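# Structure at a glance
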Amino acid sequence: EALVGDWVLEFACYCLCRPFREDRAAEFRRFRDVAQAVINNLSKIATHQKKTVYVCQLLTRIAKGKRLDCHFENDESISPLESALSVWTLLEREESKLDKLHEDIRRLIQIQVVAVHMEKGYFKEAAAVLERLFTDLESNKSLKMKLATIIKSKDPYVPFLQNFSYDLMIRKIKNYVELFMKDNEANFLIQAAMKQVEAKELGGTILDNETGNVSATNEEINLEASQRFVFGSVMLKDSLVLRIVLSTFYFSYVSCRTCSGGKHRKRSALQSELLNSLYVLCFCFHPKRWTYEEDMQLISGVRQFGAGSWAKILVHGDFNNRTGVMLKDRWRTLSRT
């Protein structure tokens, strides 16, 4: 469970980083909920998980950076960016070495915490924020004095703030996210998902180019994918682990379906497709041959409910851990023969 929890956490964080880096707001919001659900399901955040958790929390707060009505702390005077700065401090503690990029991001967040308040016309609040951000640290004394002078001028568009703009802060954070993603490309679920995409593309190529060989089935294509998939130095032949991954990932989706009002949100088409893809992934590495009894139940189900009613057929039949997609593919194969 601990190993699967690591996979799912890192996978959710990776899926959160990609839309942030590529400015896909709608997708970012969806995976933000998934990542938060995964984090909430952790009974305890292990030491090696802290950096991943902090990255998720950082991006969530940065995405709401200009929403002063949005709160992540119990104290409603703490803006999203000020909360993000606290998370960034925790994140820096998990880094083995701090470089100029870390320093730049810290300075930009500090400046933008003040700048966002000024843009909204909250100059008194900006002064209060400034006092919280810079205590008695001599290294920040010059920056504190500069920002204090800008607050007194009540001009949020002075050249200094334009040189350390919000857009520049976002670009720097994207640079950090890109480095983080490169460090986490070896995550098991990410590699498995890539293999699944490659297998689907391979299947499409086979069906397009080898039109004479109509006997090529999804089972054969998936078998080829399983033969090419290697985890470490061991060939993955048992889908049990992937089934556990699916269960954990599905639980995270169920957990995030309840919104603050207590009403249930309907899963989006993308979420359904992702869950289905993960489910197919669980079986494509260990394909199971269809038995005569399963074929007869499938034929009987199509006669009773009609082709296309795969969900009903699946419920009323006794199939060996199949999915609706598997039933559809098998019916296509049977129809050809």
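Our structure's up above, just so we're on the same page.
The model shown is predicted, which means the values in this text are computed figures rather than measured ones.

## A short note on the overall build of the chain
Per the secondary structure count, the chain includes 16 helices and two strands. Taken over 337 residues, the chain has a buried fraction of 42%. A separation threshold of at least 6 residues defines the contact pool for the chain, and within that pool the share at least 24 residues apart is 68%. Element-wise, carbon and sulfur atoms account for 52% of the exposed surface of the chain, whose accessible area totals about 18800 Å².

## A few points about the nonpolar core
Counting residues in hydrophobic clusters, the biggest one holds 67 residues, and the most contacted among them are I62, V114, L147, L161 and M169. Not counting the four nearest positions on each side in its chain, M169 is found in contact with I62, L81, L108, I109 and Q112. Of all hydrophobic cores here, the second largest spans eight residues; its members include W290, W310, M326 and L327.

## Here we look at the environment of L334
Within the secondary structure, L334 sits in helix α16 (residues 324–336). As a C-alpha pair, L334 and L298 span 36 residues in sequence and 9.7 Å in three-dimensional space. Beyond its immediate stretch of four places on either side in the chain, L334 contacts D295, L298 and I299.

## Looking at the pattern of salt bridges
Under the defined criterion, the tally for this structure stands at 17 salt bridges. R24 serves as the salt-bridge partner of E22, at 1.8 Å between the closest nitrogen and oxygen. A single salt-bridge network, built from bridges that share partners, covers K100, E103, D104, R107 and K172.

## A short note on the packing of aromatic side chains
One pass over the structure, following the stated rule, counts five aromatic pairs. Aromatic side chains W7 and F188 sit 4.3 Å apart centroid to centroid with 40° between the ring planes, which places their arrangement in the tilted category. With W7 in helix α1 (residues 2–21) and F188 in helix α10 (residues 188–209), this residue pair connects regions lying 181 residues apart in the sequence. Residue classification places F188 among the buried residues on the basis of a relative accessible area of 5%. Both rings, one in F20 and one in F28, keep their centres 5.9 Å apart while their planes meet at 50°; by these two values the pair is tilted. Residue classification places F20 among the buried positions, given a relative accessible area of 8%. Overall, the relative accessible area of 6% leaves F28 in the buried class. It is K66 that lies over the ring of Y166; its NZ or CZ is 4.7 Å from the centre.

## Looking at the packing of helix α5 (residues 100–119) against helix α6 (residues 123–133)
At their nearest, the axes of α5 and α6 sit 8 Å apart, and the two run at 165° to each other. Classified by the angle their axes make, α5 and α6 are roughly antiparallel. The handedness of the crossing between α5 and α6 is right-handed. Residue-level contacts link Q110, V113, V114, H117 and M118 of α5 to F123, E125, A126, V129, L130 and L133 of α6.

## Re the side chain of T60
Within the secondary structure, T60 is located in helix α3 (residues 50–63). On the basis of relative accessibility, which here comes to 12%, the residue T60 falls in the buried class. Once you skip the residues sitting within four places of it in the chain, T60 turns out to touch L16, F28, R32 and F72.

## Let's talk about the packing of α6 against helix α7 (residues 141–153)
Orientation of α6 relative to α7, taken along the N-to-C sense of each, is 170°, at an axis distance of 10 Å. Looking at the two axes, α6 sits roughly antiparallel to α7. Two secondary-structure elements touch here, α6 through F123, A126, A127, L130 and E131 and α7 through K144, L147, A148 and I151. The class makeup of the residues in the contact of α6 with α7 is seven nonpolar, no polar and two charged.

Each value, and the rule that gives it
- Residues numbered from 1 in each chain as written.
- Predicted model: local features only at pLDDT ≥ 70, side-chain atom pairs only at ≥ 80, totals over all residues.
- Heavy atoms only, no water.
- Helix = DSSP H or I, 4+ residues; strand = E, 2+ residues; numbered from the N terminus.
- Buried < 20%, exposed > 50% of the residue type's maximum accessible area, 1.4 Å probe, protein only.
- Contact = heavy atoms within 4.5 Å.
- Areas by Shrake-Rupley, 256 points an atom, 1.4 Å probe, with all protein chains shown as cover.
- Core = buried A, V, L, I, M, F, W, Y, C linked by side-chain atoms within 4.5 Å.
- Salt bridge = Lys/Arg side-chain N within 4 Å of Asp/Glu carboxyl O.
- Phe/Tyr/Trp six-rings, centres within 6.5 Å; stacked < 30°, edge-to-face > 60°.
- Lys NZ or Arg CZ within 6 Å of the ring centre and 35° of its normal.
- Axes fitted to C-alpha atoms, helices over the stretch in contact; angles between N-to-C directions.
- Parallel < 35°, antiparallel > 145°, perpendicular 65-115°, else oblique.
- Left-handed = near helix turned anticlockwise from the far one by under 90°.
- Nonpolar A, V, L, I, M, F, W, Y, C, P; charged D, E, K, R; others polar.

These results come straight from atomic positions and should not be treated as a statement about function.
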